[in-house]
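Spelled out, the chains give:
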Amino acid sequence: MSFKSDIQIAVNALERFNKAVVEGEIKVINQEKPVDIIQSLKLDHFTAKGGLTGNALKEFLEQYFNYVTSLHHPKYLGHQCAPPYYSSALGTLINGFLNNVSSIYEMGPASASLEHYIINWMLEKVGWPIAPLEADLETYKSPHGAGILVNGGSIANLTALIIARTQIAPGVWKNGNPGNLGLLLPAQSHYSLAKAAGILGLGANSVHLLDVDSDGRLIPDKIVGRFKRIIDKGLLPMALVANACSTSVGIYDPLDEIAEFCTTNNLWFHVDGAHGASALISETHKGLLKGVEKADSLTWDAHKLLQTSSLCAALLVKNHVHLNDGFQIHHDASYIFHKKDQLGFDTIHNTIETTKSGLGEKLFFVMGALGESGMAQYVDKQYKITKEAYKYVSNCSEFECPVLPESNILCFRIAGQDELQIAIRNELISEGRFYITTVKFKERQYLRLVFMNQNTSLKTIKELISEIRRIGKFLRSAKS
Ligand SMILES: *Cc1c(COP(=O)(O)O)cnc(C)c1O
């Protein structure tokens, strides 16, 4: 057996499977116990004997597909992962085989160049001057944007905070954290930020949650007083973070006004656009991020709304100097850091990762196949269907939505207790009929839909609502 025939087997299996998924012929999710999955896939057998090729591979894949969660399924309305455009999988396959590393130019010139190109494409969408190629370096002296592709928005957020900390506390790499370091987050922020604060050695008490309105949107006017109280206590805020958009309900913070406050107070402004920065490619929706160009850094996940396989996230900065200065490790890794008269550029100094897989391939293969306008159409379509679904759901008796959606996230609940919402979700996914999530918003439990899928239509949502009604009725009667 060979590379080519095994790939053919895998492609045939994927294509057959995907046809059934797209047509909604199979369950969107099928969870079995890990012990049963490990057994049915005969992992012990293959580990002992090898031979996962040819017919054995074919049979293995047939089993494997029994236990996957199908992101391309019209009833997939779960987490914010893209149902990737197939070209992204090609990029992943090609780089997965070549195993070129993008953080060291000589370990993957094509990969590193793709990454550089993509970062510049993103910088342009934000409105920051792009990073020059070497050839332009001599003539290009003024500050410009820069960025790095990393394995996910969580690492991008952590990277942003590392850079912000170096700016406010330049001695940190030598002396550790000053004891009064603080961080300002919206009350509704992604949990990766609290995690990043912890990793950076900030206790939970150093994280200050800012006031939000009834939609969970930051209130710029309230930041002033809060900030003053923090400063008066002798604390040293290292950054203020805003959402574009929030993970829970998909609401964009007023970046323009917040940016003004941060500029005036010389405070690092990080925009967590992991989910919603992709609106920047849409003429219709880019206004949601008005003012983003005044921020200092931005997280932007491609594996959410740019139809890219996980993971591919960008951390972008307005001023390249901040990224270059962010990590100040004087480590004796002479095999990497030796001064070399070389082509290209190494980005290894600017990332948490050392060996970093080529991530640009995942995104570029989508960009190359669909073009910018094709990608923008997808964003527009997903944001539009979400509004249509909102209109439908909020008009259904017994149902209520906490906010008018601004992105492709829709939350709602059916009349009843919090427990009922969770029980309904559990029932839906255990039947494998729909994959949806729940979220706690303003102390109440909601059902949450993320419209990632182009095959999800209003008809799908009508079916979902009637399913929820049926389950709700059943659960209520079972209780009484
Ligand atoms: C998804 C998300 C993240 C985390 O990104 P990962 O790629 O899952 O690590 C961070 N912030 C926001 C606002 C998100 O929606």
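Since this is a predicted model, take the numbers as computed values, not measurements.

**Quick look at the site of the ligand**
Move 1: The environment of the ligand is formed by 15 residues, the closest being G153, S154, D272, D301 and K304.
Move 2: One of the backbone nitrogen or oxygen atoms of G153 is found 2.7 Å away from an oxygen atom of the ligand.
Move 3: The side chain of D272 places a nitrogen or oxygen atom 2.6 Å from a nitrogen atom of the ligand.
Move 4: Contact with the protein chains hides 88% of the accessible area of the ligand, taken as 380 Å² for the molecule alone.
Move 5: If you list the elements that add at least two residues to the shell around the ligand, you get α8 (153-168) and α13 (302-305).
Move 6: Broken down by element, the residue count for the shell around the ligand peaks at 3 residues, all from α8.
Move 7: Per-class residue counts for the shell around the ligand are 2 nonpolar, 10 polar and 3 charged.

**Examining the packing of helix α1 (residues 3-22) against helix α4 (residues 54-64)**
Move 1: Contact geometry of α1 with α4 gives a least axis separation of 10 Å together with a crossing angle of 25 degrees. Taken together, the axis directions place α1 and α4 in an arrangement best described as roughly parallel. Once α1 is placed against α4, the crossing between them reads as right-handed. Across the interface between the two elements, D6, I9, A10, A13 and R16 of α1 pack against G54, L57, K58, L61 and E62 of α4.

**With respect to the pattern of salt bridges**
Move 1: Counted under the stated rule, the structure contains 22 salt bridges.
Move 2: Among the ionic pairs, K125 bridges to E372, the shortest N-O distance being 2.9 Å. Taken as a pair, K125 in helix α6 (residues 109-126) and E372 in helix α16 (residues 360-394) lie far apart in primary sequence, 247 residues in all.
Move 3: The class for E372 is partly exposed, based on a relative accessible area of 41%.
Move 4: Connected via shared salt-bridge partners are D213, D215, R217 and E406.

**Here's the deal with the sheet that holds strand β10 (residues 437-441)**
Move 1: The strand order β8-β9-β11-β10 describes an open sheet built from 4 strands, whose pairing is antiparallel. Either end of the sheet is taken by a strand with one partner, and the two such strands are β8 (399-400) and β10.
Move 2: Bridge count between β10 and strand β11 (residues 444-450): 5 bridges; the pairing is antiparallel. By the bridge assignment for β11, T437 is matched with R448.
Move 3: Relative to β11, helix α17 (residues 418-431) is tilted by about 30 degrees, and along the sheet it contacts β9 (409-414), β10 and β11.
Move 4: Here helix α18 (residues 458-479) sits on the sheet in contact with β8, β9 and β11, set at roughly 30 degrees to β9.

**Some thoughts on the domain arrangement of the chain**
Accessible area lost on assembly of the parts is the figure often given for the size of an interface.
Move 1: Per the domain assignment, the segments making up the chain are domain 1 (3-69), domain 2 (93-366) and domain 3 (373-479).
Move 2: In this structure, domain 2 and domain 3 have C-alpha centres spaced 31 Å apart.
Move 3: Between domain 2 and domain 3, the contact holds 29 residues from the first and 21 residues from the second.
Move 4: Looking only at domain 2, the three residues that lose the most surface to domain 3 are V249, L305 and Q307, adding up to 27% of its buried area.
Move 5: Taken together, the connections running from domain 2 to domain 3 amount to 1 salt bridge.
Move 6: Ionic pairing is found between E406 and R217, a salt bridge with its closest N-O pair at 2.6 Å.
Move 7: Seen at the junction of domain 2 and domain 3, the total is 9 residue pairs in polar contact (both at pLDDT 80 or more).

**Thoughts on the pairing of β11**
Within a regular strand, the side chains alternate between the two sheet faces.
Move 1: Within β11, 6 of the 7 residues are buried, which leaves it mostly tucked inside the rest of the structure.
Move 2: Bridge count for β9 against β11 is 4 bridges, and the pairing is antiparallel. Bridging from a neighbouring strand, L410 pairs with L449 of β11.
Move 3: A loop of 2 residues connects β10 with β11, the two strands running antiparallel in sequence, and K442 in this loop sits at a positive phi of about 50 degrees.

Cut-offs and rules
Residues numbered from 1 in each chain as written. Predicted model: local features only at pLDDT ≥ 70, side-chain atom pairs only at ≥ 80, totals over all residues. Heavy atoms only, no water. Near = heavy atom within 4 Å. Polar contact = N/O pair within 3.5 Å; in protein donor to acceptor, adjacent residues only side chain to side chain. Areas by Shrake-Rupley, 256 points an atom, 1.4 Å probe, with all protein chains shown as cover. Helix = DSSP H or I, 4+ residues; strand = E, 2+ residues; numbered from the N terminus. Nonpolar A, V, L, I, M, F, W, Y, C, P; charged D, E, K, R; others polar. Axes fitted to C-alpha atoms, helices over the stretch in contact; angles between N-to-C directions. Parallel < 35°, antiparallel > 145°, perpendicular 65-115°, else oblique. Left-handed = near helix turned anticlockwise from the far one by under 90°. Contact = heavy atoms within 4.5 Å. Salt bridge = Lys/Arg side-chain N within 4 Å of Asp/Glu carboxyl O. Buried < 20%, exposed > 50% of the residue type's maximum accessible area, 1.4 Å probe, protein only. Pairing = 2+ DSSP bridges. Domains from an automatic or database assignment. Buried area = accessible area lost by both parts, 1.4 Å probe.

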